[in-house]
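An overview of the molecular structure
Take a look at the letters that make up each chain.
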Amino acid sequence: MKKLRVKSDERRVKSAAGWVLVVAVWLGLLLAGCRGDSGAPEIAGGAAMHRANPARTGVYETAALDSYETVKWQFEAGDWIFAAPAVLGDSVYAASNNGSVYALDRETGEERWRFATGDAILASPAAAGDLVYAASMDGNVYALDAATGEERWRVPLGSSDPAAPGGFTGSPAVVENTLYAANESGVLAALNAQTGEERWRFQLGTTPITFSPAIADGSVYVPVSNGILYVLDAATGEEQWQFDPATLVTDGQPQVYSPTADPVVAGDTVYFMTSNLSLQGVLFAVSLETHATRWQYQTPTENFSAPSISDGVLIWGSLDRTLYAVSAETGEVAWTFPTEDINYSAPAIAGDLVYVGSVDKNLYALDVASGEQRWQFRAESGVSSPAVADGVVYVGTEAGTLFALE
């Protein structure tokens, strides 16, 4: 199918339609070339990244914000803050659709430095040690000095063909001294985190990789837009096994699926979010031992929100204006929660609460076990993916404001 490439000015919209546009972009990329408790590894030196850890479980091992009292500070980036910030040490690192990475004082929100890339940034930054990593729609991965914002290195992984997509919509992950990053050109690269030197790469022609890889227990889980979840050796990039849901048969008919979110690895299972040809969301729970489906759960519409998992419950948002929670063991529904608009931000879990941003301008704080609402924060525009650190929730908006809530 024809690949979609959306120009920078088209991504810089300032209405709820902008959220729908990004979903449409992702879907186009996913279909291009198609056939119709935590397993997170230990991170040397500490790190912060998309969905809290390399396994992408969405669980922040920190104090929760049990009740919202006030806005501690807010920072105006001037353009959409689409992805969750990275919080490490005394700094908050955020990226904007204007192509800039910002380092902010964690206590005051004061800007320390900014760095401009060549295009919009939809991916969350990652931070580890004295470096901050940003993956831009310009096709480059940047390593920046955490203290000064000075560029240490950059690696171009995007396509050299100007007609082909080459940017990053998935977020990088840091494990020990290796940075893993995948992009729309179909490249998944493992880079030396200090130097940017390439250790290995995985690529299936130009078939896009739109979502973030997950890393756990020496393996990399990468969802490719041909509908297959590939599992690679994290040290060498050698393929270990793959899960292809298209081999499943329903009512005598083979199915076709496309990935719609990051994979999530927890315990002995990888959770793989997809959509079928009817644009229904299908979540697969796949055994890491047998590589077979344990269960699958279907929603009426697509899900561009990967599930977060805690206490045996998977939680995600859907385009049908619903937050879902299902049993990680059986796939049975634990609870649902209605919202006023579509949802595809990444949920963040801390303690017994899950925080989910919605296009309806609300950040919801819900009880993980019951789905009961504890509190909510209403912003001036659609709310993106949150991050949590020491009882403070950091979340950006479509209008370009980053809030620190306490």
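For the structure itself, consult the block above.
To keep things clear, this report deals only with the structure shown in the data block. (Residues numbered from 1 in each chain as written. Predicted model: local features only at pLDDT ≥ 70, side-chain atom pairs only at ≥ 80, totals over all residues. Heavy atoms only, no water.)

1. What about the nonpolar core?
Judged by nonpolar contacts, the single largest core of 37 residues is most densely connected at Y133 and L188. When residues in this core are grouped by element, the largest group, five residues, is from strand 13 (residues 187-192). Filtering out sequence-adjacent residues up to four positions away, Y133 remains in contact with P125, A126, A128, Y142, A143, W153, V174, L179 and A193. Counting 20 residues, the second largest nonpolar core, distinct from the first, contains L353, L363, A365 and L405. (Core = buried A, V, L, I, M, F, W, Y, C linked by side-chain atoms within 4.5 Å. Buried < 20%, exposed > 50% of the residue type's maximum accessible area, 1.4 Å probe, protein only. Helix = DSSP H or I, 4+ residues; strand = E, 2+ residues; numbered from the N terminus. Contact = heavy atoms within 4.5 Å.)

2. Section: the pattern of salt bridges
Opposite charge on two side chains lets them pair, provided their charged atoms get close. Considering all chains together, one arrives at twelve salt bridges under this definition. When the shortest N-O distance is used, the salt bridge between E151 and R154 registers 2.9 Å. Residue class for E151 comes out partly exposed when judged on its relative accessible area of 28%. When the shortest N-O distance is used, the salt bridge between D367 and R374 registers 2.9 Å. Each of the salt bridges in this network shares a partner with another, and the network as a whole consists of D90, D105 and R112. (Salt bridge = Lys/Arg side-chain N within 4 Å of Asp/Glu carboxyl O.)

3. Details of the pairing of strand 12 (residues 178-182)
With five of five residues buried, strand 12 lies mostly within the body of the structure. Side chains T178, Y180 and A182 project from strand 12 onto one buried face, and the interleaved L179 and A181 project onto a second face that is buried too. Taking the residues between adjacent antiparallel strands as the criterion, strand 11 (residues 173-175) and strand 12 are bridged by two residues, where E176 takes a positive phi near 55 degrees. Sheet topology note: the strand 12/strand 13 ladder contains five bridges and is antiparallel. Across the sheet, Y180 pairs through a bridge with A190, a residue of strand 13. The hairpin formed by strand 12 and strand 13 contains four residues between the paired strands, and G186 there has a positive phi angle of roughly 90 degrees. (Pairing = 2+ DSSP bridges.)

4. Observations concerning the side chain of S384
Relative to the elements of secondary structure, S384 occurs in the loop between strand 33 (373-378) and strand 34 (387-389). With a relative accessible area of 0%, S384 lands in the buried category. A polar atom in the side chain of S384 sits 2.6 Å from the backbone oxygen of I81. A polar atom in the side chain of S384 sits 3.5 Å from the backbone oxygen of F82. (Polar contact = N/O pair within 3.5 Å; in protein donor to acceptor, adjacent residues only side chain to side chain.)

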